[in-house]
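Structural description and commentary
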Amino acid sequence: MTEPLLSVRDLKKHYPIRKGVFNRQVGAARAVDGISFDIAPGETLGLVGESGCGKSTAASSVIRLEEPTAGEVVFNGNGREGAARTPDGTHPNDVTRFDDDELKAFRRGAQMIFQDPSSSFDPRMSVGNAVGELLKVHGMSDRHRRRAIVEDLLERVGLSANDFDRYPHEFSGGQKQRIALARALVLNPDLIIADEPVSALDVSIQAEILSLIDDLQEEFGLSLLFISHDMSVIRQICDRVAVMYLGEIVEIGPVEGIFSDPQHPYTEALLSSIPTPDPRASVGGIELKGTVPSPTNPPSGCRFHTRCHKVIQPEGVDVDQDDWRGLLNFRDSVVAGEIDVEQVRENVAAGETAPAESEVRAELRREFDIGETVDDPDLERTLSEAIGLLLQDDDERAGEILSNAITTPCAQTEPARTVHGPDHESACLRHEGRASAEPNPADD
Amino acid sequence: MSSDQPLLEVEDLTTTFSTDDGTLTAVDGVDFSVDTGETVCIVGESGSGKTVATESITKIIKTPPGHVEGSVRYEGRDLLSLPEPKLREIRGNEIAHIFQNPQEAMNHCYTVGWQIAEALQIHQDVSDEAARAKAVDLLDRVGIANASSRFDDYPHEFSGGQKQRVMIAMALVGDPDLLIADEPTTALDVTVQAQILKLLDELQDEFDMGILFVTHDLGVVAQIADRIVVMYAGKVMERGGVLDIFDNPAHPYTQQLLECLPEFGGTGGGIPGTLPDPHDPPDGCRFAPRCEYAEEACRTGGQPEEIEVAPGQRVSCVHYGPGGSPSVVRSEEFGPANGDETGPTGGESGVGPADD
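Conventions we followed
- Residues numbered from 1 in each chain as written.
- Chains lettered and ligands numbered in written order.
- Predicted model: local features only at pLDDT ≥ 70, side-chain atom pairs only at ≥ 80, totals over all residues.
- Helix = DSSP H or I, 4+ residues; strand = E, 2+ residues; numbered from the N terminus.
- Buried ≥ 20, exposed ≤ 12 C-beta atoms within 10 Å, placed from the backbone.
- Contact = placed C-beta atoms within 7 Å.
- Pairing = 2+ DSSP bridges.
- Domains from an automatic or database assignment.
- Axes fitted to C-alpha atoms, helices over the stretch in contact; angles between N-to-C directions.
- Left-handed = near helix turned anticlockwise from the far one by under 90°.
- Nonpolar A, V, L, I, M, F, W, Y, C, P; charged D, E, K, R; others polar.
- Core = buried A, V, L, I, M, F, W, Y, C linked by C-beta atoms within 7 Å.
- Arc of directions from axis to C-beta.
- Expected span 1.5 Å × (residues − 1).

1. So, the overall build of chain B
- Assigned secondary structure in chain B consists of 11 helices and 12 strands.
- Sorting the 356 residues of chain B into buried and exposed places 49% on the buried side.
- In chain B, 61% of the contacts between residues at least 6 apart in sequence involve partners at least 24 apart.

Dropping the structure here:
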């Protein structure tokens, strides 16, 4: 394998949470928690996930807009090709160790495009100067030459040279994003990091910008790290995709592999929630309940297990998968003290008479999508015992017996990456036992 | 609704704004209707007048500078001629709105429960306790877990999807017959979007509401719409049942809109050109300047009359009118690409993303 342009290893970015008079650190939001990926020259890697999963933080840490907490980002572009690791294990091209001069040079090789083109331009600076400013910063003092370069670029991104002296407010959103592209290209970088570059745009404009990015990528031989929450956009433009969940990459692989044969349940769920433009397609598929948990206290084991529809059942248990999910949700709600029995009673009553206990029991089961009986006699007994305790307002004891009886390996073991095909890896316990991935496949 | 008149009937709706550069016509003589229990989607690019059209129905656009003409009949009453106090009784009560950005549609200084209760007490004479109970009930209905304890939380304590649920709860206070949803899921993640669409669908069944849904996302449209109205530059280009529009889009604009999608063989590129200047729309068909099939006849007169091309499907295009030949526009078979004959994207667009 040829040398990757960008190689990210175990990158972490934690935001400290401080409290009290002495500003002591009491915790950390683990926005990015150990991600690794490579980008080959000329390749487009997509980074996809729900909001709050750390995609944008990952991007700004890679380009060192924010200082990463730990990890290594090796950038082999911009004339730094072919460097070897030093004997002490560090890499001379490690962006996280660059000093100021190296960092400035690195910025020539890697550029970023942001989501909102309106807020990434100075309203008082003509777009030509905004684009040309980068050249000035990097030492091109000849004004006429700067102008010539920028005018040429404006034309290449589909605007006209006359637009040089116009101001950002005179352009539409799509045009502004074209200017942002010109600005990213003006230093002739090897890598562009695009953070949701089309999310703020209309569909028809989206398509235009995407095809422009595609054309320019070919023309300039760019590598692209493309961040989006929109799977259909990712599919259109990327060669490979990394799916992120709560600061971790849960699956990475070639676009076709991810879309036709998703291995991680989260990828499956993400794909199935895309509305297909086919009125006959059955609605729904896998519904992910709730939102991404807080990164300050991520779930143990596999971070997705709190929402996963394929949670593994422990040895000796074999109940309906929906019931199992319901049981887990029920357990979590009881332990968190979120179940308000009074309110359930009220809902069931819908009037004067106090509801029968059996109705309340049935309502609780319905609320958590648990069937009338659970296939496993032991679990069934525990469940009805717990509901009984709940009805007597003994939440604590109910939580205790549920936590003891309902356990899943997913909450205990952190899944390792397993290989599914060439370049296609996922981190899910269900695949454990298959060939596990080398921890750092392309490390040398 | 015993009579056969639709729940909402909009005729010749024209909304103009006085600006420094002259009069801007955002919506120009638009007709559509919504029946009880059905979902009508208005689609089009940004700037095509979708939002202004829906906001003109209950006149929540500012007048002046706005000016609304035409007729909007809701259950037989003409809303546009109603005096403001009467209109206020309907707005937010019988006809409810939800907006794209729930963040901006709520007051940050009050708890969400207070805001729902306020909406309730404006329209109904209920005690504080009863309003609270109803608000908790509504929050529970829209799927806010542990509703009674979330009642006293502030908007910033909710996630984007939860805020949109709260907005929906607020819209439901008056058991509305018509819900106007303006891009309610555009600001949300796909997973959350799926949750909200499902919720709206359930609530529609439960309350037997008509829903007027504004969006530019054709995937969402395919999922929820019964009928579609395609708008461009303030005019209706085409209307029809969801299957008709997706299987046999008649208007070149609808075709190109669909062709932007990878599932329809879209290879990117979008629709060349931009929307015309709303101060000075072009003669003839509004889409003519960007239309590849435009002829001389397309560039003269006004927007062509709507012609029925299939039962319930009507299109405003010269080529379907007298003397025109539809085959000019409908030259090829249309539909989602089926695997092998996809374009240069590498053939991966044949498999529907949600096939499982």
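2. Structural notes on the overall build of chain A
- A tally of regular secondary structure across chain A gives 14 helices and 11 strands.
- Structurally, chain A occupies a C-alpha span of about 85 × 55 × 55 Å along its principal axes.
- In chain A, which comprises 444 residues, the proportion classed as buried is 47%.

3. Observations regarding the sheet that holds strand β1 (residues 8-19) of chain B
- Strand order in the open sheet made by the four strands is β2-β1-β4-β5 (chain B), with antiparallel pairing throughout. Bordering the open sheet on either side are β2 (22-34) and β5 (77-78) of chain B, each of which pairs with just one other strand.

4. Notes on the domain arrangement of chain A
- Segmentation of chain A into domains returns domain 1 (1-122 + 178-287 + 415-444), domain 2 (125-166) and domain 3 (321-407).
- Centre-to-centre separation of domain 2 of chain A and domain 3 of chain A, based on C-alpha positions: 66 Å.

5. Remarks on the packing of helix α4 (residues 112-123) of chain B against helix α5 (residues 128-141) of chain B
All names here are of chain B.
- At a closest axis distance of 9 Å, the pairing of α4 and α5 adopts a crossing angle of 115°. Judged by the twist between their axes, the crossing of α4 over α5 is right-handed. Contacts from G113, I116, A117, L120 and Q121 in α4 reach A131, R132, K134, A135 and L138 in α5.
- Tallied by class, the residues present in the contact of α4 with α5 amount to six nonpolar, two polar and two charged.

6. Section: the nonpolar core
- Residues L181, I193, L225 and V243 of chain A together with I116 of chain B are the most contacted members of the largest nonpolar core, which totals 212 residues.
- The greatest single-element share of this core, amounting to eight residues, is contributed by helix α6 (residues 203-220) of chain A.
- Filtering out sequence-adjacent residues up to four positions away, I116 of chain B remains in contact with A135, L138, A169, M170 and V173 of chain B.

7. Examining the sheet that holds strand β3 (residues 44-48) of chain A
Residues and elements named next belong to chain A.
- Within the open sheet, the eight strands sit side by side as β5-β6-β7-β3-β8-β9-β11-β10. Their pairing is mixed. Sheet topology places β5 (110-113) and β10 (418-421) at the edges, where each strand pairs with a single neighbour. Geometrically, the sheet is characterised by an average inter-axis angle of 20° between neighbouring strands, direction not taken into account.
- Across the sheet, helix α1 (residues 55-62) lies against β3, β6 (191-195), β7 (223-228) and β8 (240-245), angled at about 150° from β7, the strand it touches most.

8. With respect to the interface of chain B and chain A
- Counting from both sides, the interface comprises 41 residues of chain B and, opposite them, 42 residues of chain A.
- Every element with two or more residues in the side of chain B that touches chain A is listed here: α8 (190-207), α9 (218-224) and α10 (242-247) of chain B.
- Ranked by the residues each element gives to the side of chain B that touches chain A, the list is headed by α8 of chain B, at six residues.
- Considering only residue class, the side of chain B that touches chain A consists of 18 nonpolar, 16 polar and seven charged.

9. Looking at the domain arrangement of chain B
- Segmenting chain B into domains produces domain 1 (8-224) and domain 2 (251-269 + 282-334).
- Using only C-alpha atoms to locate each centre, domain 1 of chain B and domain 2 of chain B end up separated by 31 Å.

10. A word on the pairing of β6 of chain A
All names here are of chain A.
- Buried residues dominate β6, accounting for five of its five residues.
- Where burial is concerned, the two faces of β6 agree: the one with L191, I193 and D195 and the one with I192 and A194 are both buried.
- Examined bridge by bridge, β5 and β6 share four bridges and lie parallel to one another. Within β6, the residue paired with M112 across the bridge is I193.
- Pairing between β6 and β7: five bridges, direction parallel. Its bridge partner lying in β7, D195 is registered against I227.

11. Some thoughts on unusual backbone geometry
- Phi is positive for D393 of chain A, which is not a glycine, with a value near 65°.
- Positioned with a positive phi, D175 of chain B is a non-glycine residue whose angle comes to about 45°.
- Examined against the element boundaries, D175 of chain B turns out to sit in the loop between α7 (160-171) and β7 (178-182).
- Accessibility expressed as a C-beta count within 10 Å gives 12 for D175 of chain B, which makes it exposed.

12. As for the environment of M167 of chain B
All names here are of chain B.
- Looking at where M167 falls in the secondary structure, it is placed in helix α7.
- Separated by 156 residues in sequence, M167 and E11 have C-alpha atoms that sit 29 Å apart.
- Setting aside its immediate chain neighbours within four residues, M167 contacts I98, P102 and A105.

13. What to know about the pairing of strand β4 (residues 70-75) of chain A
All names here are of chain A.
- For β4, a buried count of five out of six residues is recorded, marking the element as mostly surrounded by other parts of the structure.
- Relative to β4, strand β1 (residues 6-19) runs antiparallel, the two sharing five bridges. Within the sheet, the bridge partner assigned to K12 lies in β4 and is A70.

14. Brief notes about helix α12 (residues 357-367) of chain A
Residue and element names in this part refer to chain A.
- Inspection of α12 places V360, L364 and R365 among the buried residues, and these make up the whole buried set. Buried residues along α12 cover an arc of 140° about the axis, so they all sit on one side.
- Where the residues of α12 are buried, they touch α11 (341-349) and α13 (377-391).
- Within two residues after α12, D369 carries a phi angle of roughly 55°, on the positive side.

15. As for the environment of A233 of chain B
Residues and elements named next belong to chain B.
- Relative to the elements of secondary structure, A233 occurs in the loop between β9 (227-232) and β10 (235-241).
- A233 gets classed as buried once you count the C-beta atoms within 10 Å, which come to 27.
- For the pair A233 and R286, spaced 53 residues apart in sequence, the C-alpha to C-alpha distance is 6.6 Å.
- Ignoring anything within four residues of it in the chain, the contact list for A233 reads S48, L275, P276, P281 and R286.

16. Here's the deal with helix α4 (residues 143-156) of chain A
Residues and elements named next belong to chain A.
- Here α4 contains 14 residues, and its C-alpha end-to-end distance of 20 Å stays within 8% of the 20 Å for a straight helix at 1.5 Å per residue.
- If you check which residues of α4 are buried, you get R146, V150, E151, L153 and L154. In an axial view of α4, the angular spread of the buried residues amounts to 165°, which keeps them on one side of the axis. Relative to its buried face, α4 has exposed residues pointing more than 90 degrees away, namely H144, R145 and D152.
- The secondary structure elements touched by the buried residues of α4 are α3 (127-137) and α5 (173-185).
- Backbone geometry just after α4 places G158 at a positive phi near 90°.

17. Brief notes about the environment of N129 of chain A
Residue and element names in this part refer to chain A.
- Mapped onto the elements of the fold, N129 is located in helix α3.
- Judged by local crowding, N129 falls into the partly exposed class, with 17 C-beta atoms found within 10 Å.
- Separated by 35 residues in the primary sequence, N129 and F164 place their C-alpha atoms 7.5 Å from one another.

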